[in-house]
Amino acid sequence: MRASRGPDGLPDLLGFSGRRYLVTGVLNDDSIAWHTARALQEAGAEVLLTGFGRSRRITEAAASGLPYPADVLELDVTRPEDIDALTKELELRWGAVDGVLHAIAAAPQSALSGNFLTTPVESASLALRTAAFSLHSLTTALAPLLREGGGAGAARGSVVGLDFDSSGAWPGYDWMGVGKATLGAVCRYLALYLGRSGIRVNLVAAGPVETVAGRAVSTFDRIAERWEQEAPLGWNRADPARLVGPVLFLLSDLAATVTGEIVHADGGMHAVRMGAGALGEPPGPGAPARTAAGPAGATRTNTGPGVPPATNATPAGPSPTSKETL
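Residues numbered from 1 in each chain as written. Predicted model: local features only at pLDDT ≥ 70, side-chain atom pairs only at ≥ 80, totals over all residues. Heavy atoms only, no water.

## Focus on the overall build of the chain
And then number 1: A tally of regular secondary structure across the chain gives 7 helices and 9 strands.
And then number 2: For the chain, the proportion of its 326 residues judged to be buried stands at 52%.
And then number 3: When contacts within the chain are restricted to residue pairs at least 6 apart in sequence, long-range pairs at least 24 apart make up 73% of them.
And then number 4: When the accessible surface of the chain is totalled, it reaches about 14700 Å², and 57% of it is carbon and sulfur. (Helix = DSSP H or I, 4+ residues; strand = E, 2+ residues; numbered from the N terminus. Buried < 20%, exposed > 50% of the residue type's maximum accessible area, 1.4 Å probe, protein only. Contact = heavy atoms within 4.5 Å. Areas by Shrake-Rupley, 256 points an atom, 1.4 Å probe, with all protein chains shown as cover.)

## Concerning the sheet that holds strand β2 (residues 46-51)
And then number 1: Taken in spatial order, the 7 strands line up as β3-β2-β1-β4-β5-β6-β7 in an open sheet, and their pairing is parallel. Only two strands of the sheet have a single partner each, and these edge strands are β3 (72-74) and β7 (262-265). Neighbour-to-neighbour, the strand axes of the sheet open up by a mean angle of 25 degrees, direction not taken into account.
And then number 2: Running at roughly 170 degrees to strand β4 (residues 99-102), helix α4 (residues 121-147) makes contact with β1 (20-23), β4, β5 (158-163) and β6 (200-206) of the sheet. (Pairing = 2+ DSSP bridges. Axes fitted to C-alpha atoms, helices over the stretch in contact; angles between N-to-C directions.)

## Some details on the pairing of β2
And then number 1: For β2, a buried count of 5 out of 6 residues is recorded, marking the element as mostly surrounded by other parts of the structure.
And then number 2: Summarising the sheet, β1 and β2 pair through 4 bridges and their orientation is parallel. Across the sheet, Tyr21 pairs through a bridge with Val47, a residue of β2.
And then number 3: Pairing geometry for β2 and β3, over 3 bridges, is parallel. Counterpart to Thr50 in the pairing with β3 is Leu73.
And then number 4: Taken together, β2, helix α2 (residues 56-63) and β3 form a β-α-β motif whose crossover is right-handed. (Right-handed = clockwise from strand over helix to strand, strands pointing away.)

## A short note on the side chain of Ser123
And then number 1: Note that Ser123 resides in helix α4.
And then number 2: A polar atom in the side chain of Ser123 sits 2.6 Å from the side chain of Ser110.
And then number 3: Setting aside chain neighbours within four positions, we find Ser123 in contact with Pro108, Ser110 and Ala111. (Polar contact = N/O pair within 3.5 Å; in protein donor to acceptor, adjacent residues only side chain to side chain.)

## Considering the environment of Ala169
And then number 1: Tracing the backbone shows Ala169 in the loop between β5 and α5 (174-194).
And then number 2: Separated by 12 residues in the primary sequence, Ala169 and Ala181 place their C-alpha atoms 10.0 Å from one another.

## Let's talk about helix α7 (residues 244-251)
And then number 1: Those residues of α7 that sit buried are Val244, Val247, Leu248, Leu250 and Leu251. All buried residues of α7 lie within an arc of 165 degrees about the axis, which places them on one face of the element.
And then number 2: Of the surrounding elements, those touching the buried residues of α7 are β1, α1 (32-42), β4, β5, β6 and β7. (Arc of directions from axis to C-beta.)

## Description of the packing of helix α3 (residues 80-93) against α4
And then number 1: Direction vectors running N to C along α3 and α4 enclose 35 degrees, while the axes themselves pass 10 Å from each other. Read as a crossing pair, α3 and α4 show a hand that is right-handed. Taken together, the residues of α4 that come into contact with α3 (itself represented by Pro80, Ile83, Leu86, Thr87, Leu90 and Glu91) are Arg129, Ser137, Leu138, Ala141, Leu142 and Leu145.
And then number 2: Grouping the constituent residues of the contact of α3 with α4 by class yields 8 nonpolar, 2 polar and 2 charged. (Left-handed = near helix turned anticlockwise from the far one by under 90°. Nonpolar A, V, L, I, M, F, W, Y, C, P; charged D, E, K, R; others polar.)

## Quick look at the nonpolar core
And then number 1: Core analysis: the largest hydrophobic core is formed by 54 residues, its most contacted members being Phe16, Val23, Leu40, Leu49, Leu101 and Trp227.
And then number 2: Excluding residues that lie within four positions of it along the chain, Trp227 makes contacts with Phe164, Trp170, Gly207, Pro208, Trp235, Asp266 and Met269.
And then number 3: Formed by 28 residues, the second largest nonpolar core is a distinct cluster that contains Val77, Val100, Ala132 and Ile199. (Core = buried A, V, L, I, M, F, W, Y, C linked by side-chain atoms within 4.5 Å.)

## Structural notes on the packing of aromatic side chains
And then number 1: The full count for this structure, using the stated rule, is 6 aromatic pairs.
And then number 2: Where Phe164 meets Tyr173, the ring centres are 5.1 Å apart and the plane angle is 65 degrees; that geometry is what we call edge-to-face.
And then number 3: For Phe164, a relative accessible area of 0% puts it in the buried group.
And then number 4: Classification of Tyr173 as buried rests on a relative accessible area of 2%. (Phe/Tyr/Trp six-rings, centres within 6.5 Å; stacked < 30°, edge-to-face > 60°.)

## Description of the pattern of salt bridges
And then number 1: Taken as a whole, this structure holds 12 salt bridges when the rule is applied.
And then number 2: The salt bridge involving Arg20 is made with Asp98; its shortest N-O contact spans 3.0 Å. On the criterion of sequence distance, the pair formed by Arg20 in strand β1 and Asp98 in the loop between α3 and β4 is long-range, its members being 78 residues apart. Each member of the pair Arg20 and Asp98 is classed as buried.
And then number 3: Arg79 is paired through a salt bridge with Glu81; the nearest N and O atoms lie 3.1 Å apart.
And then number 4: The partly exposed category is assigned to Arg79, whose relative accessible area is 37%.
And then number 5: If you follow the salt bridges from partner to partner, you end up with Glu210, Asp221, Glu228 and Arg237 in one network. (Salt bridge = Lys/Arg side-chain N within 4 Å of Asp/Glu carboxyl O.)

So this is what it looks like as structure tokens:
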């Protein structure tokens, strides 16, 4: 059987040419979701984005920067009527959906930045609903369309969610961290119940990147600095495009046997405890600077080529609620 070819005439190894993907969580072009949408279009896929409320205009502006025009559909995942309307619109336009990127999360400041012990139930519920239950709501609503998508054989549509390592507690991440832990459980149960339909559900646990969502967490800089100092492969918080590869893999036919999985795209940080910094060696090739405390609180900096040194600056104050998370 001859491999299909993409718009550039090269073999379409990932199988995206001519397929249809829904990408949520695009706020601007520094998001993982935006870079994923661009990569899908460049591979020959058709893409639709979602936005909601006043921020939808920001998403529409970001959509205008993609290689090809992409419509933005209304979706507030806390409103069942929005999910119903989205499903009907996708059925009308496409009749089937080959894949979905779930890049949605939100939490008020009362549920973040050290407020864990005093968070009211309403704020905690919002964090859980948007970060975790929304994956269930969106996936189950689109399941009939996902069953009609995908490639040949038993494999059908693929759903990929963006995650952040929840195997431990991160200061300041608070109820969003609880939401991400719940997201992993929701992913596994969706994989269990939708597997017989050929629908795959997986997560990509990314390291910290400088997005609107990241800036909403007051301790973001300290968390990101730890990654840059200790991740075995090094880390660059300013490069969300590097995280697109694992997302594309899980959306593609190459991952036809993978479901219920969390792929860590975090420079190896999840796999270590003390971090590579304890070895006293510089980070991996091309990684950002790694700093280490010296005597009397002094700071020692190892700087890679063309990379600015990391700092120990005090993190900025609370930022507004955002829709794509760390």
